[in-house]
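What follows is each chain in one-letter form.
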Amino acid sequence: FFIVTISLFASTFASFCHWNSGCPYKYFASKTSYNAIRGDIRDSLVVLKGCEPVSIWGLFRHGKRYPSTRFGKSMNEALAIREDILTSYAKGHSSLCAQDIEDLDAWVADKKMFDSATELTPEGHEEMYGIGKRIRHTFNNVLEKLDKYTFRPAYGKWIEDSAKAFLKGFNNDKLHVEKALPESDVMAPYLTCGKYQKDVQKNPNIYAESEKYKKTSEYLATKDRIQRRTGIDYELTDTNVTALYDLCRHTWSGVESKLSPWCALFTKDDLQVLEYIQDLRSYNRNGYGTEQSEIFGQIPLADLLRSFQKVKEGDGKKMTAYFTHATMLDMVYTSLGLFKDNKPLSSTNRDRDRKWRSSANSAFSVNLVAVLNRCTKEDEIDYNVVFYLNEEPIRAICADGTCTWKEFEEKLTPFLNTKIDFCEFKSEPY
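Heads up: these notes are all about the structure in this document.

The rules behind the values
- Residues numbered from 1 in each chain as written.
- Predicted model: local features only at pLDDT ≥ 70, side-chain atom pairs only at ≥ 80, totals over all residues.
- Heavy atoms only, no water.
- Helix = DSSP H or I, 4+ residues; strand = E, 2+ residues; numbered from the N terminus.
- Rg over C-alpha atoms; globule rule 2.2 N^0.38 Å.
- Buried < 20%, exposed > 50% of the residue type's maximum accessible area, 1.4 Å probe, protein only.
- Contact = heavy atoms within 4.5 Å.
- Areas by Shrake-Rupley, 256 points an atom, 1.4 Å probe, with all protein chains shown as cover.
- 1 Å grid on protein atoms, 1.4 Å probe; cavity = no way out; pocket = protein on both sides within 12 Å on 5 of 7 lines; lining within 4 Å.
- Points joined across faces, edges and corners; volume = space filled by probe spheres on them.
- Nonpolar A, V, L, I, M, F, W, Y, C, P; charged D, E, K, R; others polar.
- Disulfide = S-S within 2.5 Å.
- Lys, Arg positive; Asp, Glu negative; His and termini not counted.
- Salt bridge = Lys/Arg side-chain N within 4 Å of Asp/Glu carboxyl O.
- Polar contact = N/O pair within 3.5 Å; in protein donor to acceptor, adjacent residues only side chain to side chain.
- Pairing = 2+ DSSP bridges.
- Phe/Tyr/Trp six-rings, centres within 6.5 Å; stacked < 30°, edge-to-face > 60°.
- Core = buried A, V, L, I, M, F, W, Y, C linked by side-chain atoms within 4.5 Å.

This next bit is on the overall build of the chain. Helix and strand counts for the chain come out as 18 helices and 7 strands. For the chain, the C-alpha radius of gyration of 23 Å lies close to 22 Å, the compact-globule estimate for 430 residues. The C-alpha extent of the chain, read off along each of the three principal axes, is 80 × 40 × 40 Å. Sorting the 430 residues of the chain into buried and exposed places 57% on the buried side. A separation of at least 24 residues holds for 81% of the contacts in the chain among residues at least 6 apart in sequence. For the chain, the computed accessible surface area is about 20,300 Å², with 49% contributed by carbon and sulfur atoms.

For the rest of this paragraph, the subject is the layout of surface pockets. Computed from the structure, the largest pocket encloses a volume of approximately 1,400 Å³. Around the largest pocket sit 49 residues that line it, and Arg70, Phe71, Tyr207, Arg281 and Arg285 are the ones nearest its centre. Those elements that place two or more of their residues in the lining of the largest pocket are helix H3 (69-78), helix H10 (194-201), helix H11 (208-213), helix H13 (238-250), helix H14 (268-286) and helix H16 (326-336). It is H13 that contributes the most residues to the lining of the largest pocket, 9 residues altogether. The calculated volume of the second largest pocket comes to roughly 670 Å³. Thr251, Trp252, Ser253, Glu256 and Lys258 are the residues nearest the centre of the second largest pocket, which is lined by 26 residues in total.

Attention now goes to empty space enclosed by the protein. Enumeration over the complete set of coordinates arrives at 1 cavity of 30 Å³ or more. Looking at the largest cavity, its volume works out to about 40 Å³. Forming the walls of the largest cavity are Phe28, Lys31, Thr32, Ser33, Lys64, Glu123, Arg249, Trp252 and Phe364. Grouping the amino acids of the lining of the largest cavity by side-chain chemistry returns 3 nonpolar, 2 polar and 4 charged.

Considering all chains together, one arrives at 5 disulfides under this definition. Bridging Cys51 to Cys375, the disulfide has an S-S length of 2.0 Å. Between Cys51 and Cys375, the disulfide has an S-S torsion of 105° and is therefore right-handed. Pair noted here: Cys51 is in strand S1 (residues 51-61) and Cys375 is in strand S4 (residues 367-377), with a separation of 324 residues, a long-range link. Exposure remark for Cys51: the relative accessible area of 22% places this residue in the partly exposed category. Cys248 shares a disulfide with Cys263; S-S distance 2.0 Å.

With that settled, consider the side chain of Asp341. Within the secondary structure layout, Asp341 lies in the loop between H16 and helix H17 (358-361). In this structure Asp341 is buried but unpaired, with Lys355 as the nearest side chain of opposite charge at 6.1 Å. A polar contact is formed between the side chain of Asp341 and the backbone nitrogen of Lys355, at a distance of 2.6 Å. Only 3.2 Å separates the side chain of Asp341 from the backbone nitrogen of Trp356, close enough to count as a polar contact. Excluding residues that lie within four positions of it along the chain, Asp341 makes contacts with Arg354, Lys355 and Trp356.

A regular strand places its side chains so that they alternate between the two faces of the sheet. The element strand S3 (residues 319-324) is largely enclosed, with a buried count of 6 among its 6 residues. Covered by surrounding structure in S3 are Met319, Ala321 and Phe323 together with Thr320, Tyr322 and Thr324, the residues of both alternating faces. By the bridge criterion, 6 bridges tie S1 to S3 in an arrangement that is parallel. Its bridge partner lying in S3, Leu59 is registered against Tyr322. Alignment of strand S2 (residues 149-153) against S3, held across 5 bridges, turns out to be parallel.

Attention shifts here to the pattern of salt bridges. Under the defined criterion, the tally for this structure stands at 22 salt bridges. Here Lys212 ties to Glu209 by a salt bridge, and the two come within 3.5 Å at their closest N and O atoms. Of the two residues, Lys212 and Glu209 both sit in helix H11, 3 residues apart, roughly one turn of that helix. Put simply, Arg38, Asp40 and Arg42 are held in one network by salt bridges that share partners.

Counted according to the given criterion, the structure contains 24 aromatic pairs. A centroid spacing of 5.5 Å and a plane angle of 45° characterise the contact between Phe166 and Phe170, whose relative ring orientation is tilted. Its relative accessible area of 0% is what places Phe166 among the buried residues. Look at Phe170 and you get buried, because its relative accessible area is 3%. With a centroid separation of 5.7 Å and an interplanar angle of 70°, the aromatic rings of Tyr190 and Tyr196 are classed as edge-to-face. We note that Tyr190, like Tyr196, is buried.

Attention now goes to the nonpolar core. Residues Phe151, Phe166, Phe170, Met319, Phe387 and Phe408 are the most contacted members of the largest nonpolar core, which totals 79 residues. A total of 7 residues in this core trace back to one element, the largest contributor, which is helix H15 (residues 291-312). Setting aside chain neighbours within four positions, we find Phe408 in contact with Leu304, Leu305, Phe308, Val385, Phe387 and Cys403. Counting 41 residues, the second largest nonpolar core, distinct from the first, contains Tyr25, Ile85, Met113 and Cys248.

Don't take any of this as a statement about function, it's just geometry.
Here it is in structure tokens:
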């Protein structure tokens, strides 16, 4: 009661204005813009004396896309709330700033956001094109004459379009994207696993912790702040809050650094609370909250090991790139033991310093890239592997950020025998 009362008092006299906040909060869980969290591999490349890159393997999430039909419908219905917010402000019941109200009033919906469900957006195209261009520039010696390669997307038009945008960054018309396989073998094996779809993907109990969190004082205080900030005279439902949050995060432009007037409805604290709900969902569906996640994550990692072993034997590919979903990246993190908190994420304690943050790990266009280096020292040839996440080196997989070949092989060899025979039956990917 004390927490809620304080939040209501603070909200009533808030002077926060979104339009000139200077440093707005831009982390929206899995709908975060890639530009908000990425590095630049051209600057962060690990250069090792006597070594040269000889092969690149990468797992890439698709670029920013329009919302699914279900979420698009809720967002479209929530647009009616805008008129109520404007009316409330005119009556002096809202604590929103004048410029934020003006921007919200002038906002025009992108028709494609509701009519082109799940399609890749122009921003998503730009994200993937930029990644391809930077990788091509950084590893020019390997990729200039690219004869042996794989660019393969998982099933889904927006993923295929992401792969094509990535490849466009190579500026080489002779390269091509492979046709997506219905079984989504390496990039998304969970999609056609009947048992996983039944027990996890379509099981509402998986989201129990996020639903419990919506009953905590922390979430209720956030909901009430939004209510008072908008000043509307009817009670917002959880569905309303989610839809308004989705309007905020889907209409934010990371490429153009353009604010969304819908985000003015939320304070930074509100956005962090809503972000945590998404973290609870991804943690329990894709990450450490589900045992099957670790098994599925081992499949692409086994492919990585085989790919680099073939290169060592003189018969591998210079570039292997798979394009997939955030779910697959989350599963790979779990297999590698990345972003694992000491305690499981729960509804009772939002750890502000938690490692599992979908805004950083599962944003649009996130990518995990491994680079095989061949090193020559005193006429002896050896190999090592450097991992990059979102174009920054990862130092958590191997102690100094660079895995010796022995470390790399020992870490991934157990994954070669991974089986998913527990799936029982196949299901259609969509």
